[in-house]
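# Observations on chain architecture
Here is how the chains run, residue by residue.
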Amino acid sequence: MSKSLSAFIYGLSAVIGIAAFAYPFILASMPEASAAGAQAAPLMTTALLGLCLLALLIEVQGEVVSAKVVATLGMLVALASVLRFVETAIPGPGGFSPIFVPIILAGYVFGARFGFLMGAMTLLVSALLTGGVGPWLPYQMFVSAWVGFSAGWLPHPRNPRLEMGLLIAFGVGWGLLYGLLTNLYFWPFFIGETAMRYQPGGGAVLALQRYTAFYLASSLLWDLLRAAGTGLLLLVAGQPVVRALARFRDRFQFSLAEAPGG
Amino acid sequence: MAERGCDLRAWIVWAGAASVLAMLTRNPLYALLLILVARLVDAACGRPERGIALPWARLALVVLLLSAIFNGLFVHTGETVLGRLPESWPLVGGIITLEALVYGLTTGLVLLALLAIFVAFNHIVPVSDLVRLAPRAFHDLGVVVLVAVTYVPETVRHLSQVREAQAIRGHQIRGLRDWQPLLVPLLVGGMERAMGLAEAMVARGYGAAASRAQQPGMLLGLAVGLSLTLAGWLLALWRGAAGWLLFAAGALLLVGLLWRQGRAVAHTQYRPHPWQPADTAIALASLLALALALWQGVSLMGYTPYPLVQLPPLSPIVGGALLLLALPAFLCPQHQGRHV
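Residues numbered from 1 in each chain as written. Chains lettered and ligands numbered in written order. Predicted model: local features only at pLDDT ≥ 70, side-chain atom pairs only at ≥ 80, totals over all residues. Heavy atoms only, no water.

## Some remarks on the overall build of chain B
- Assigned secondary structure in chain B consists of 13 helices and two strands.
- When burial is assessed residue by residue, chain B has 48% of its 340 residues classed as buried.
- Taking contacts inside chain B between residues at least 6 apart in sequence as the whole, the part at least 24 apart equals 73%. (Helix = DSSP H or I, 4+ residues; strand = E, 2+ residues; numbered from the N terminus. Buried < 20%, exposed > 50% of the residue type's maximum accessible area, 1.4 Å probe, protein only. Contact = heavy atoms within 4.5 Å.)

Below, the structure written as structure tokens:
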């Protein structure tokens, strides 16, 4: 019962996430949308996503039971945030950000929920430290939490080359998707709903066309560099990091001896 | 003046009210006013060493230019035609109008206003206070954040130690591959310290209290609350008022669950922060600004240049309400060399 409820909550949160990111298109396809609704849409969408994040964090907090999880999570988040510091201090090529590598690897080794927490907490802590707290934070936390969460679903092939190939493909894919999604947050500010409705024959398709143009013009190159950087870093550091993390994971399970025995 | 400046909660009310106003307005004059107010408060109350110093002029130029040009190229509506591109060009083909450019500029200004408000907030509020803000229900996650924030400087020190140790062995950073001998010892050392920290926490009794199992009905409540908010959000986009009620009901349910979860956590505070008259004044002024602007009607906040560009309306009441947000600049200015 509780398992299927959890699955339902995560499924619903995915729907909410997609709806929140895609709301300009939803709005564009509703010609009869109320004007007041359209004006309050950015505000309400931020509130919706924030509430959804709160609910997920309550659900996932059950994972944080032992001092070991708290300490490990805290330490890994600190490490990843230092990487973010490196990024803001030395602007890398384009949108390259090393922050996804630890999130993906932590989710991959320690499981989906740990990855979820790792993604959300890393973005939160680095925003606290670099002064990036704002209404965009729930969006960033939401997406990066899903990066870590989905990394926990990856199969664990025995062949190390296959394993690395899988992780790199995963990292490159999310690197591209992250830019696509977080751009959608800024987009309605750049080109408001009103403009879309003033366009004769406007609709979801036109909005999609416009977004594609905006994306190609403003951020495709940026995102490609980010994705390539993530893939490269995974190629260089992925294998030893996975091995080190897995060794510590085994040490955890050793002390929690009652868990596998039942 | 108090030793520690104004209260965190007052600043949250301020930032909340200001950003709600920024997200609701589409009037370039109000957005400009909000930017000025936020920059003033930042200059008066902020400590610039917190967070990053943004290159403001360059940032503003880029955002404004990008949004104006983009909107101007893609929206072919309005009466003041400035020029035209061949119709055969996909998407951008058609007339270029002044109205579209003005609309783009307006949206850029709104974005900048939002940015200015939160840059100010980040400059004013110290990290340690922000962590304390975590709701009690998130006690465990709050501990995680505290551990992380505490260990960041430690990790930076550790990184430079590893780098020195590797440099003694003749290691140089030439490419990406050379980061591996730095990252792996950093990670392993960090994990070892996490183990030590965990043992120290257990020795001091962390997690020894009755297990904080999830309360019965929590998952069901979360599922229902989320469903309600999603349905309410969709309905509000479509129909307005009825959806907002549904959305509010879902939000209330979720917040109530959070509060109930929080009551299960015992919590003590080492140094409570006194709430001062200046804090009350800031909070009240912010709420008054929000209430005045909303009472004047959200429609007054809006402005659209289409179909023919006109001077945006400036209501003295809304303008005055926005100016109220500058009050903190006079109530708790930041003195040089003050102890925190």
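Here the narrative resumes.
## Structural notes on the overall build of chain A
- Regarding its fold elements, chain A presents 12 helices and zero strands.
- Ordered by position from the N terminus, the helices and strands of chain A form the series α-α-α-α-α-α-α-α-α-α-α-α.
- Burial status across chain A gives 63% buried among its 262 residues.
- Of the roughly 9600 Å² of accessible surface on chain A, a fraction of 70% belongs to carbon and sulfur atoms. (Areas by Shrake-Rupley, 256 points an atom, 1.4 Å probe, with all protein chains shown as cover.)

## Side note on the nonpolar core
- Formed by 181 residues in total, the largest nonpolar core has its most connected members in L57, L76 and L245 of chain A together with W11, W14, L222 and W233 of chain B.
- Top element by residues in this core is helix 4 (residues 67–89) of chain A. It accounts for 13 residues.
- Those residues in contact with L222 of chain B that lie beyond four places of it in its chain are I9, A55, I58 and E59 of chain A together with L254 and L257 of chain B. (Core = buried A, V, L, I, M, F, W, Y, C linked by side-chain atoms within 4.5 Å.)

## Some thoughts on the interface of chain B and chain A
- Each partner contributes residues to the interface: chain B has 88 residues there, and chain A has 99 residues.
- With both sides pooled, the region where chain B packs onto chain A buries about 8600 Å², and carbon together with sulfur makes up 81% of that total.
- Run the count over chain B and chain A and you get zero salt bridges.
- Between chain B and chain A we count three residue pairs in polar contact (both at pLDDT 80 or more) in total.
- Elements that contribute at least two residues to the side of chain B that touches chain A include exactly helix 1 (8–24), helix 3 (56–74), helix 4 (98–124), helix 5 (127–132), helix 6 (139–168), helix 7 (180–203), helix 8 (218–239) and helix 9 (241–263) of chain B.
- Broken down by element, the side of chain B that touches chain A gets its largest block of residues, 16 residues, from helix 7 of chain B.
- Taken together, the residues of the side of chain B that touches chain A sort by class into 64 nonpolar, 18 polar and six charged. (Buried area = accessible area lost by both parts, 1.4 Å probe. Salt bridge = Lys/Arg side-chain N within 4 Å of Asp/Glu carboxyl O. Polar contact = N/O pair within 3.5 Å; in protein donor to acceptor, adjacent residues only side chain to side chain. Nonpolar A, V, L, I, M, F, W, Y, C, P; charged D, E, K, R; others polar.)

## Here we look at the pattern of salt bridges
- In this structure the tally under the stated criterion is five salt bridges over all chains.
- Here E59 of chain A makes a salt bridge to R113 of chain A, at a shortest N to O gap of 3.0 Å. Here E59 of chain A is found in helix 3 (residues 35–60), whereas its partner R113 of chain A is found in helix 6 (residues 112–130), with 54 residues between them in sequence.
- Judged by its relative accessible area of 28%, R113 of chain A falls in the partly exposed class.
- Between R193 of chain B and E154 of chain B there is a salt bridge whose closest N-O contact spans 3.2 Å. Of the two residues, R193 of chain B sits in helix 7 while E154 of chain B sits in helix 6, which places them 39 residues apart along the sequence.
- We classify E154 of chain B as partly exposed; its relative accessible area is 28%.
- A single salt-bridge network, built from bridges that share partners, covers E154, R157 and R193 of chain B.

## Details of the packing of helix 2 (residues 28–45) of chain B against helix 12 (residues 316–324) of chain B
Residues and elements named next belong to chain B.
- As a packed pair, helix 2 and helix 12 sit with axes 9 Å apart at the nearest point and diverge in direction by 20°. It follows that helix 2 is roughly parallel to helix 12 by the angle criterion. Like other packed secondary-structure pairs, helix 2 and helix 12 cross with a definite hand, here right-handed. When helix 2 is examined against helix 12, the residues Y30, L33, L34 and V37 are found in contact with a partner set consisting of V318, G319, L322 and L323.
- Split by residue class, the contact of helix 2 with helix 12 holds seven nonpolar, one polar and no charged. (Axes fitted to C-alpha atoms, helices over the stretch in contact; angles between N-to-C directions. Parallel < 35°, antiparallel > 145°, perpendicular 65-115°, else oblique. Left-handed = near helix turned anticlockwise from the far one by under 90°.)

## A short note on the domain arrangement of chain B
Residues and elements named next belong to chain B.
- Annotation of chain B at the domain level lists domain 1 (8–128 + 270–331), domain 2 (131–203) and domain 3 (216–263).
- A buried area of about 380 Å², summed over both sides, lies between domain 1 and domain 2, and 64% of it is on carbon and sulfur atoms.
- Our count for the contact surface shared by domain 1 and domain 2 stands at zero salt bridges. (Domains from an automatic or database assignment.)

## Some details on the packing of aromatic side chains
All names here are of chain A.
- Applying the stated rule across the entire model yields 10 aromatic pairs over all chains.
- Between F149 and W153, the ring centres sit 5.3 Å apart and the planes meet at 70°, which makes this aromatic pair edge-to-face.
- We classify W153 as exposed; its relative accessible area is 55%.
- Counting every residue linked through ring pairs, the aromatic cluster contains Y10, F116, W146, F149 and W153. (Phe/Tyr/Trp six-rings, centres within 6.5 Å; stacked < 30°, edge-to-face > 60°.)

## Observations regarding the environment of G243 of chain B
- Assignment of secondary structure puts G243 of chain B in helix 9.
- A sequence separation of 164 residues divides G243 of chain B from E79 of chain B, and the C-alpha atoms of the two residues are 36 Å apart.

## Some details on helix 12 of chain B
- Within the sequence span of helix 12 of chain B, burial applies to V318, G319, A321 and L322 of chain B. For helix 12 of chain B, the buried positions fall inside an angular range of 160° around the axis, keeping them on one side. (Arc of directions from axis to C-beta.)

## What to know about the environment of Q161 of chain B
- Take Q161 of chain B: it is sitting in helix 6.
- Along the backbone, Q161 of chain B and P28 of chain B are 133 residues apart, and their C-alpha atoms lie at a distance of 51 Å.

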